[in-house]
Amino acid sequence: MTNFGYMRVSTKKQGSRFGLERQKDALLSAGIEPQNLYSDEMSGAKKNRPALDELRGIVETGDSITCVSMDRLGRDTLDTITLIESLRKKGVAVHFLKEGIDTSKNDAMTNCFIGIMACFAQLEREQMLERQEMAYESMKARGNQIGRPRIKSDTVETVIEKVNEGYSYREVAEIVKISPAKICQIMKQYRAENAFQE
């Protein structure tokens with residue numbers, strides 16, 4: 001029996017390696033051996049994820065795969081549940097650290113909880129993306145400019161996403177290579193634009 005770990009970050013955002021390191025630390029702390037870690041650096045929306053596809057091909061009955069959270073595994077609710085079920089058929093359990101789910105417990109309560117948590121994970125991501133999109137459009141419509149030289153829109157997007165994910169301003173500053181003060185400025189403007197949603 002082998003315990004594997006799977007990690008994913010999106011290459012559309014800066015700081016991918018930093019995100020992988022955070023996931024790696026969590027998986028190592030959960031007892032996964034370094035040689036058993038697999039990672040993809042691409043959007044979860046993409047159907048083909050090489051490392052995940054490779055991992056699915058090598059796992060055997062009695063093995064397990066651990067992810068930091070459900071949204072690191074599947075593209076959406078249906079994809080997550082489909083992956084879990086395909087692995088179950090092979091006798092492979094999936095563990096999600098954030099949600100505290102162990103799919104080896106194939107009972108009605110566990111199955112119900114998996115479905116509910118997968119839905120919430122998808123909803124949380126979609127709402128975050130919607131809030132970000134509204135903020136970007138509002139900033140664009142007002143002709144707002146942050147900093148000199150002008151900070152690129154994809155950098156602003158990365159800052160907002162990382163802060164919303166729980167990164168500190170200093171950590172985000174290291175990722176995007178701008179000062180913590182500018183991170184604070186971006187978030188202050190973002191929150192002002194989104195105050196009506198709070």
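Refer to the structure presented above.
Predicted model, so just to flag it, every value in this text is computed and none were measured.

Chemist: So what's going on with the nonpolar core? Which residues, and what values?
Modeler: Among soluble globular proteins, nonpolar side chains are generally buried collectively. By size, the foremost hydrophobic cluster in this structure holds 20 residues, and its most contacted members are Tyr6, Leu55, Val59, Ile65, Met70, Leu73 and Phe96. Elements supplying a minimum of two residues to this core: strand S1 (3–9), helix H2 (50–58), strand S3 (64–67), helix H3 (77–89), strand S4 (93–96) and helix H4 (108–142). Counting 18 residues, the second largest nonpolar core, distinct from the first, contains Ala135, Tyr136, Met139 and Ile160.

Chemist: Before we move on, could you go through the sheet that holds S3 and cite the residues and values that matter?
Modeler: Here five strands make up an open sheet; going across it, the order is S2-S1-S3-S4-S5 and the pairing mixed. The open sheet has two edge strands with one neighbour each: strand S2 (37–41) and strand S5 (101–102). Across four bridges, S3 lies against S4 in parallel orientation. Pairing of Ser64 across the sheet is with Ala93, part of S4. Set on the sheet, H2 makes contact with S1, S2 and S3; between it and S2 the angle comes to about 150°.

Chemist: Give a detailed account of the pattern of salt bridges, specifying residues and quantitative values.
Modeler: Within this structure, the stated rule accounts for five salt bridges. Note that Arg22 and Glu171 form a salt bridge whose closest N and O atoms lie 3.3 Å from each other. Of this pair, Arg22 sits in helix H1 (residues 16–29) while Glu171 is found in helix H6 (residues 169–176), placing the two residues 149 residues apart along the sequence. Look at Arg22 and you get partly exposed, because its relative accessible area is 35%. Among the residues examined, Glu171 registers a relative accessible area of 26% and is labelled partly exposed. Residue Arg88 is joined to Glu85 by a salt bridge in which the shortest nitrogen-to-oxygen separation is 3.0 Å. Residue Arg88 and its partner Glu85 are both found in helix H3; the two are separated by three residues, about one turn of the helix.

The rules we used
Residues numbered from 1 in each chain as written. Predicted model: local features only at pLDDT ≥ 70, side-chain atom pairs only at ≥ 80, totals over all residues. Heavy atoms only, no water. Core = buried A, V, L, I, M, F, W, Y, C linked by side-chain atoms within 4.5 Å. Buried < 20%, exposed > 50% of the residue type's maximum accessible area, 1.4 Å probe, protein only. Helix = DSSP H or I, 4+ residues; strand = E, 2+ residues; numbered from the N terminus. Pairing = 2+ DSSP bridges. Contact = heavy atoms within 4.5 Å. Axes fitted to C-alpha atoms, helices over the stretch in contact; angles between N-to-C directions. Salt bridge = Lys/Arg side-chain N within 4 Å of Asp/Glu carboxyl O.

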